[in-house]
Amino acid sequence: MSDRITVEELSELMKKAAGVTVSAEELQQRYDSGFDALGVDSLGLLGIVGELENRHGAPMPTDAERSRTPRQFLDLVNSALPAGA
Amino acid sequence: MSEPHDRRAAITGIGVVAPNGTSTDTFWKATQEGLSVLDRVTREGCEHLPLKVAGEVRGFDPAATIEERFLVQTDRFTHFAMAAADFALDDARLGQADATEAPYSIGVVTAAGSGGGAFGQRELQQLWSKGSRFVGPYQSIAWFYAASTGQISIRRKFKGPCSVVASDEAGGLDALAHAARAVRRGTDVIVAGSTEAPLAPYSVVCQLGYDELSTVADPSRAYRPFTEDACGFVPAEGGAMLVVEAETAARERGADIRAHLAGHAATFTGASRWAESREGLAQAIRGALAEADCAPEEVDVVFADALGVPEADRAEALAIADVLGAHGRRVPVTAPKTGTGRGYCAAPVLDTAAAVLALEHGLIPPTPGVVAVCHDLDLVTGRARPAELRTALILSRGLMGSNSALVVRHGAVG
């Protein structure tokens with residue numbers, strides 16, 4: 001898989017790995033909110049990174065789990081994926 | 001506990017999630033009626049194990065009270081703890097505003113025997129079936145026996161002193177004593193108690209090595225302490241959390257003083273050395289009575305450890321007689337846990353909850369399923385016994401050798 005990770009996938013993973021329900025639309029609006037404000041703690045983000053690595057079969061950038069906001073996170077993980085589908 | 005009067009530790013709230021009731025009211029109703037809820041183990045993956053009977057908590061929906069983000073990172077034993085802590089705080093009429101206003105004035109103390117077995121098993125299965133990358137990060141905290149203390153304090157935003165007591169089953173009582181000490185040192189409120197969830201396959205297998213575990217398949221015969229038919233104990237899940245509060249702080253905010261934690265002592269006599277537990281338990285009782293400044297004749301009811309192993313039952317009956325003398329043969333003794341099973345560290349905390357309710361209602365709950373007592377004890381059997389109750393003595397022993405005694409006095413007793 002080399003598709004870009006979307007805000008929809010992040011929303012789904014936040015629910016699955018961290019038990020936090022924020023719809024993709026709301027996440028888009030809160031793109032620059034801190035993960036802590038969204039209710040995702042550091043272990044929750046680590047779990048999201050682990051899920052993505054397993055799904056995409058590729059390691060994520062080492063700093064991914066230190067991202068502060070959804071925007072930072074998606075920019076970082078997508079920069080690491082091979083471009084194009 | 002022998003603190004100046006104004007730093008006395010009071011119980012101002014009770015929260016219960018037990019096999020015989022998932023609220024304090026339903027727990028007390030079932031306990032005073034002497035209902036037994038011991039039943040066949042139904043938990044998935046346990047069907048073929050030699051443990052056949054346990055006290056399962058049924059009809060508890062953690063999602064009804066606990067946010068999903070706390071549920072995904074915690075085991076069932078912590079679900080019980082978070083719910084019981086909520087119930088206890090509600091009962092004490094302490095809300096989130098109190099924590100926001102003075103977060104350092106509230107702490108948490110729990111005891112746990114084994115931690116989050118089901119969560120740990122699930123993640124270990126991921127490890128061996130798929131690999132380390134499939135183990136979730138919450139494994140690092142969820143199966144740790146300290147998880148409940150941490151999660152209660154994080155969720156409720158408490159920043160007062162937090163700790164975990166690891167001292168065997170008797171640790172349930174030691175946690176309450178630790179809470180009383182924290183109150184004496186200046187913290188207004190400690191949410192204290194224990195919950196356990198030892199009925200997952202991995203956890204059950206861990207218990208199969210205990211000689212004291214009952215593997216009798218008939219729920220009505222599986223746990224009968226103090227009788228000729230004693231054949232070990234039946235395990236249980238669930239537990240209770242109590243709000244332990246400085247009496248002054250409670251009075252200032254107009255809360256009801258339900259009981260006082262008046263005295264406690266603990267000893268150690270070695271794993272499964274039940275004959276030796278006689279002296280260890282007696283010494284704990286003496287220490288608890290001394291701290292409570294309580295004469296043996298003032299004990300109105302004893303909540304027994306009631307292990308259900310003949311040698312251990314004999315040692316307990318003798319320990320009571322050793323310390324209470326002639327009064328030991330007259331004082332009513334009860335073991336309501338025969339109706340729910342023995343939830344390790346949670347068992348003596350549930351007994352303490354039952355003792356406080358007994359003091360309030362003037363009613364000693366019976367020992368379900370026990371009829372012919374073969375020791376020199378006035379064991380309350382059949383139905384609850386009305387009595388004027390001011391002081392209760394709660395006893396607990398652990399399979400690894402801890403002995404503990406706690407004296408609880410009615411809130412109205414000066």
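What counts and how
Counting restarts for each chain: residues are numbered from 1 in the order of the written sequence. Chains and ligands are labelled by the order in which they are written, letters from A for the one and numbers from 1 for the other. Restriction of local features to residues with pLDDT of at least 70 applies here, the model being predicted, together with a cutoff of 80 or more for giving and counting side-chain atom pairs; totals for whole chains, interfaces and linings are based on all residues. The basis for the side-chain values is all heavy atoms of the structure; hydrogens and waters are excluded. Think of it this way: any DSSP run of H or I at least four residues long counts as a helix, any run of E at least two long counts as a strand, and we number them from the N terminus. The size measure is the radius of gyration over C-alpha atoms, and the globule rule it meets is 2.2 Å times the number of residues to the 0.38 power. For each residue, the accessible area found with a 1.4 Å probe, counting protein chains only, is set against the maximum for its type, and the residue is called buried under 20%, exposed over 50%, and partly exposed in between. Contact definition: two residues touch when any of their heavy atoms are within 4.5 Å. In this description, accessible areas are obtained by the Shrake-Rupley approach with a 1.4 Å probe, and a residue is regarded as covered only by the protein chains that are shown. Domain extents, as shown, originate in an automatic or database domain assignment. Summed over both partners, the accessible surface that disappears when two parts come together, traced with a 1.4 Å probe, is what is meant by buried area. When a carboxyl oxygen of Asp or Glu is within 4 Å of a side-chain nitrogen of Lys or Arg, the pair counts as a salt bridge. Distance and chemistry together define a polar contact, namely a pair of N or O atoms within 3.5 Å, with one atom able to donate a hydrogen and the other to accept it when in protein, and with adjacent residues in sequence counting only for side-chain atoms on both sides. Axis angles are defined between N-to-C directions and span 0 to 180 degrees, where every axis is a line fitted to C-alpha atoms and, for a helix, only to the segment in contact. Small angles under 35 degrees read as roughly parallel and large ones over 145 as roughly antiparallel, with 65 to 115 read as roughly perpendicular and the rest as oblique. Three residue categories are used. Nonpolar comprises Ala, Val, Leu, Ile, Met, Phe, Trp, Tyr, Cys and Pro, charged comprises Asp, Glu, Lys and Arg, and polar comprises the others, including Gly. Note on aromatic contacts: the rings of Phe and Tyr and the six-membered ring of Trp form a pair at centre separations within 6.5 Å, being stacked when their planes are under 30 degrees apart, edge-to-face when over 60 apart, and tilted otherwise. We call a charge positioned above a ring when the Lys NZ or Arg CZ atom is no farther than 6 Å from the ring centre and deviates by at most 35 degrees from the ring normal. What we call a nonpolar core is a set of buried Ala, Val, Leu, Ile, Met, Phe, Trp, Tyr and Cys residues that are connected through their side-chain atoms within 4.5 Å. The pLDDT value expresses, per residue, how confident the predictor is, ranging between 0 and 100. Pairing between strands requires that DSSP locate at least two bridges from one strand to the other.

This paragraph deals with the overall build of chain A. Scanning chain A from N- to C-terminus turns up five helices and zero strands. Reading the secondary structure of chain A in the N-to-C direction produces α-α-α-α-α. What you see for chain A is a C-alpha radius of gyration of 12 Å, in line with the 12 Å of a compact globule of 85 residues. Projected onto its principal axes, the C-alpha coordinates of chain A cover approximately 30 × 25 × 20 Å. Within the span of chain A, comprising 85 residues, buried residues form 48% of the whole. Sequence-distant contacts in chain A: of pairs separated by 6 or more residues, those separated by 24 or more amount to 57%. For chain A, the computed accessible surface area is about 4300 Å², with 49% contributed by carbon and sulfur atoms.

Residue and element names in this part refer to chain B. By domain assignment, chain B separates into domain 1 (9–253) and domain 2 (262–409). The C-alpha-based centres of domain 1 and domain 2 are spaced at 21 Å. Taken residue by residue, the interface counts 57 residues in domain 1 and 61 residues in domain 2. In total, domain 1 and domain 2 occlude about 4500 Å² of area from one another, counting both sides; carbon and sulfur atoms represent 71% of this. Considering only the side of domain 1, the residues that lose the most area to domain 2 are Trp28, Glu169 and Phe226, jointly responsible for 22% of the buried surface there. We note a salt bridge from Arg342 to Glu169, for which the minimum N-O separation is 3.2 Å. Applying the counting criterion to the domain 1 and domain 2 interface returns 22 residue pairs in polar contact (both at pLDDT 80 or more). Broken down by secondary-structure element, the contributors of at least two residues to the side of domain 1 that touches domain 2 are β1 (9–17), α1 (24–33), α8 (171–184), β6 (189–196) and β7 (238–246).

Let us now look at the packing of α1(B) against helix α14 (residues 346–361) of chain B. Residue and element names in this part refer to chain B. Remark: α1 packs on α14, axes separated minimally by 11 Å, with the N-to-C direction vectors making an angle of 80°. Comparing their axes, α14 and α1 come out roughly perpendicular. Contact residues: α1 offers Thr24, Phe27, Trp28 and Thr31, while α14 offers Leu350, Ala353, Ala354, Leu357, Ala358 and His361. Residues belonging to the contact of α1 with α14 are distributed by class as follows: seven nonpolar, three polar and no charged.

What follows concerns the packing of aromatic side chains. Residue and element names in this part refer to chain B. On inspection of all chains with the given rule, the structure shows four aromatic pairs over all chains. Each ring, one from Phe60 and one from Phe80, has its centre 5.3 Å from the other, and the planes form 45°; the classification is tilted. Taken together, the residues Phe60 in the loop between β3 (53–54) and α2 (68–71) and Phe80 in helix α3 (residues 76–91) connect sequence positions 20 residues apart. Per residue, the accessibility class of Phe60 equals that of Phe80, and both read buried. Stacked on the ring of Phe119, the Lys or Arg Arg122 has its end atom at 4.4 Å from the ring centre. The ring centre of Phe233 lies 5.8 Å from the NZ or CZ of Arg342, which sits over that ring.

Residue and element names in this part refer to chain B. Ile285, Leu289, Val299, Val302, Leu324, Leu393 and Leu395 are the most contacted members of the largest nonpolar core, which totals 49 residues. Counting residues per element, the ones that place at least two in this core are β3, α11 (274–292), α12 (310–324), β14 (391–397) and β15 (402–410). It is α11 that provides the largest number of residues to this core, a total of eight residues. Per-domain counts for this core show at least three residues from each of domain 1 (9–253) and domain 2 (262–409). Dropping the residues within four chain positions of it, Val302 is found in contact with Ile320, Leu324, Val331, Pro332, Val333, Thr334, Leu393 and Leu395.

Now for the interface of chain B and chain A. Of the residues lining the interface, ten residues belong to chain B; the matching set on chain A comes to 14 residues. It is Arg133(B), Pro137(B) and Tyr138(B) that lose the most area in chain B upon contact with chain A, and together they represent 49% of the buried surface on that side. Here chain B is connected to chain A by two salt bridges. Between chain B and chain A we count six residue pairs in polar contact (both at pLDDT 80 or more) in total. Broken down by secondary-structure element, the contributors of at least two residues to the side of chain B that touches chain A are α2 and α6 (139–142) of chain B. Of the residues assigned to the side of chain B that touches chain A, the class counts are five nonpolar, two polar and three charged.

Confidence in the prediction of chain B, expressed as mean pLDDT, is 96, and 98% of residues score 70 or more. Across the assembled chains, the prediction reports ipTM 0.87 with pTM 0.95.

The subject of this paragraph is the sheet that holds β6(B). All names here are of chain B. Pairing is mixed in the open sheet, where eleven strands are placed in the order β5-β4-β6-β7-β1-β8-β15-β14-β9-β10-β12. The open sheet is flanked by β5 (162–165) and β12 (378–379), the only strands paired with a single partner. In the packing of α3 onto the sheet, contacts are made with β1, β6 and β7, and the angle to β1 comes to roughly 130°.

Glancing now at the pairing of β14(B). On a regular strand, each side chain points to the face opposite its neighbour's, so the side chains alternate between the two faces of the sheet. Residue and element names in this part refer to chain B. Within β14, seven of the seven residues are buried, which leaves it mostly tucked inside the rest of the structure. The two faces of β14 match: Thr391, Leu393, Leu395 and Arg397 on one face and Ala392, Ile394 and Ser396 on the other face are all buried. With three bridges connecting them, strand β9 (residues 301–303) and β14 associate as parallel partners. Pairing of Phe303 across the sheet is with Ile394, part of β14. Bridge analysis of β14 against β15 gives seven bridges, and the strand direction is antiparallel. Directly across from Arg397, in β15, lies its bridge partner Asn403. Here β14 folds back onto β15 in antiparallel fashion, the turn holding four residues, of which Gly401 has a positive phi close to 115°.

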